[in-house]
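Spelled out, the chains give:
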Amino acid sequence: MFKKILFLILSFAIFSFAFGDNSLTFTQTKVKEWDNGNHVQWEVVLVNTDPSKRSITDAFIIGNENFKPESIWSLETTQDNKYHLPSYINRYGLKFGSNLTFGFINTINSQVTFTVSDIKF
Ligand SMILES: *[C@@H]1O[C@H](CO)[C@@H](O)[C@H](O)[C@H]1NC(C)=O
């Protein structure tokens, strides 16, 4: 019985990883900058591009070392500069082909790259 449960958990984890990278696509746009580039506003559009066309209910979004936001909106903060999708997405899901736009003001004038993990369907 225990072995069976463990196997189910493992297959779910591998499945998520296999599709994780392709399921959310980012498009970043610099909106404006001021204060000699010490404040830069970005808009990021996340599109559900899941190869299996499932709805996404949550994911972790993690910025790289260039990510030092002064403020961020339309994502929910967890600890350690890790974010997850807002509660209405947790509840209703982000349908295949739909998008979520979030924004932030960064204090470093470099492109931030985001890593997505733990996508939940
Ligand atoms: C995001 O969704 C809106 C509303 O459905 C749509 O108008 C817009 O074109 C979408 N943008 C992208 C990049 O998919």
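Note that the coordinates shown come from a computational prediction; the quantities given were computed from them, not determined experimentally.

Visitor: It is not clear to me how the overall build of the protein should be interpreted in this structure. Could you clarify?
Guide: Regarding its fold elements, the protein presents two helices and eight strands. When the helices and strands of the protein are read in sequence order from the N terminus, they spell out α-β-β-β-β-β-β-α-β-β. Within the protein, the proportion of its 121 residues that are buried is 18%. Contacts spanning at least 24 positions in sequence make up 75% of the contacts within the protein whose residues lie at least 6 apart.

Visitor: Help me out: how do you make sense of the sheet that holds strand S6 (residues 82-84) in this one?
Guide: The pairing of strands in a sheet comes from backbone hydrogen bonds and takes either a parallel or an antiparallel form. Read from one edge of the open sheet, four strands run S5-S6-S3-S8, paired in antiparallel fashion. Because the sheet does not close on itself, it has two edges, and the strands there are strand S5 (76-77) and strand S8 (114-120). Here five bridges tie strand S3 (residues 58-63) to S8, and the two strands are oriented antiparallel to one another. Looking at the pairing, Gly-63 lines up with Phe-114 of S8.

Visitor: Sorry if this is basic, but what is going on with unusual backbone geometry here?
Guide: The phi angle of most residues is negative, glycine excepted, and most peptide bonds adopt the trans form. At Asn-36, a position not held by glycine, the phi torsion is positive, near 50°. By secondary structure assignment, the location of Asn-36 is in the loop between strand S1 (24-34) and strand S2 (39-48). Judged by the 7 C-beta atoms lying within 10 Å of it, Asn-36 falls in the exposed class. Phi angles above zero are rare outside glycine, and Ser-74 is one such case at about 70°. Examined against the element boundaries, Ser-74 turns out to sit in the loop between strand S4 (69-73) and S5.

Visitor: Can you help me understand the confidence of the model for the protein in this one?
Guide: On average, residues of the protein carry a pLDDT of 84, and 83% of them reach 70 or more. Helix H1 (residues 2-23) is the least confidently modelled element of the protein, averaging 52 in pLDDT, while strand S7 (residues 99-106) averages 95, the highest of any element. In this model residues 8-20 is a low-confidence stretch, pLDDT under 50, and it forms seven contacts with partners more than four residues away in sequence or in other chains.

Visitor: Teacher, can you tell me more about the nonpolar core here?
Guide: For soluble globular proteins, the rule of thumb is that nonpolar side chains tend to be buried together. Formed by 16 residues in total, the largest nonpolar core has its most connected members in Leu-24, Ile-56, Ala-59 and Leu-75. Of all the secondary structure elements, the ones that give two or more residues to this core are S2 and S3. For this core, the leading source of residues is S2, giving four residues. Ignoring sequence-local partners within four residues, the contact set of Ile-56 consists of Ser-23, Leu-24, Asn-48, Asp-50, Gly-93, Leu-94, Ile-119 and Phe-121.

Visitor: Please explain the environment of Ser-52 as it appears in this structure.
Guide: By secondary structure assignment, the location of Ser-52 is in the loop between S2 and S3. Overall, the presence of 10 C-beta atoms within 10 Å leaves Ser-52 in the exposed class. As a C-alpha pair, Ser-52 and Phe-96 span 44 residues in sequence and 8.7 Å in three-dimensional space.

Visitor: Please explain the sheet that holds S7 as it appears in this structure.
Guide: With antiparallel pairing, the four strands of this open sheet are ordered in space as S1-S2-S7-S4. Strands with a single pairing partner mark the edges of an open sheet, and in this sheet they are S1 and S4. Across the sheet, the axes of successive neighbouring strands diverge by a mean angle of 20°, strand direction being ignored. Across eight bridges, the pairing between S2 and S7 is antiparallel. Each bridged residue has a counterpart across the sheet, and for Gln-41 the counterpart in S7 is Ile-105.

Conventions and cut-offs
- Residues numbered from 1 in each chain as written.
- Predicted model: local features only at pLDDT ≥ 70, side-chain atom pairs only at ≥ 80, totals over all residues.
- Helix = DSSP H or I, 4+ residues; strand = E, 2+ residues; numbered from the N terminus.
- Buried ≥ 20, exposed ≤ 12 C-beta atoms within 10 Å, placed from the backbone.
- Contact = placed C-beta atoms within 7 Å.
- Pairing = 2+ DSSP bridges.
- pLDDT = per-residue confidence, 0-100.
- Core = buried A, V, L, I, M, F, W, Y, C linked by C-beta atoms within 7 Å.
- Axes fitted to C-alpha atoms, helices over the stretch in contact; angles between N-to-C directions.

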